[in-house]
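# Structural features, examined
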Amino acid sequence: PGWGPMQLMLEQDGTYQDLCYDDDGNDENNNGNDDASGTSCSEQSIVLVRFQLVGHLVGAFFAPFLGLLADWWGAVFILKTVTAFCVGGISLCMVASATQVHW
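Residues numbered from 1 in each chain as written. Predicted model: local features only at pLDDT ≥ 70, side-chain atom pairs only at ≥ 80, totals over all residues. Heavy atoms only, no water.

## Some words on the overall build of the protein chain
Within the protein chain one finds three helices and zero strands. Put simply, the protein chain runs from its N terminus to its C terminus through helices and strands in the order α-α-α. By residue count, 13% of the 103 residues in the protein chain fall in the buried class. Carbon and sulfur atoms make up 67% of the accessible area of the protein chain, which totals about 8300 Å². (Helix = DSSP H or I, 4+ residues; strand = E, 2+ residues; numbered from the N terminus. Buried < 20%, exposed > 50% of the residue type's maximum accessible area, 1.4 Å probe, protein only. Areas by Shrake-Rupley, 256 points an atom, 1.4 Å probe, with all protein chains shown as cover.)

Quick look at the structure:
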């Protein structure tokens, strides 16, 4: 399993499906029909490929730094720090979704 099957799954699920409309507002895949589930367009595929590329580049860029930090402070400290940031981020997302503030 890798990115290819995940990209196909995301395309079939309709991720970034809002990019698949032409200038007239019609769906590019089915020329105005309402059953566009499971189809993809080139803009949708481009966005998903860019998402994959950025993810790989960020991972390749930060991997040496994370390795140096793990050597310096130890893997347990890094794991605890990452866990704290994840819990904090999830908590902030829950607070933001629970409030009725329109950004």
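## Thoughts on the environment of Trp 3
By the secondary structure assignment, Trp 3 is in helix α1 (residues 3-13). For the pair Trp 3 and Leu 48, spaced 45 residues apart in the sequence, the C-alpha separation amounts to 9.8 Å. Once you skip the residues sitting within four places of it in the chain, Trp 3 turns out to touch Leu 10, Leu 48, Phe 51 and Gln 52. (Contact = heavy atoms within 4.5 Å.)

## Regarding the packing of aromatic side chains
This structure, assessed with the given rule, holds four aromatic pairs. With a centroid separation of 6.1 Å and an interplanar angle of 35°, the aromatic rings of Trp 3 and Phe 51 are classed as tilted. With Trp 3 in helix α1 and Phe 51 in helix α2 (residues 42-73), this pair connects stretches of sequence that are 48 residues apart. On the basis of relative accessibility, which here comes to 17%, the residue Trp 3 falls in the buried class. Judged by relative accessible area, Phe 51 falls into the exposed class, the value being 52%. Aromatic side chains Phe 61 and Phe 62 sit 5.0 Å apart centroid to centroid with 85° between the ring planes, which places their arrangement in the edge-to-face category. Here the aromatic cluster, defined as three or more aromatic residues joined through ring pairs, consists of Phe 61, Phe 62 and Phe 65. (Phe/Tyr/Trp six-rings, centres within 6.5 Å; stacked < 30°, edge-to-face > 60°.)

Just geometry here; none of it tells us what the structure is for.
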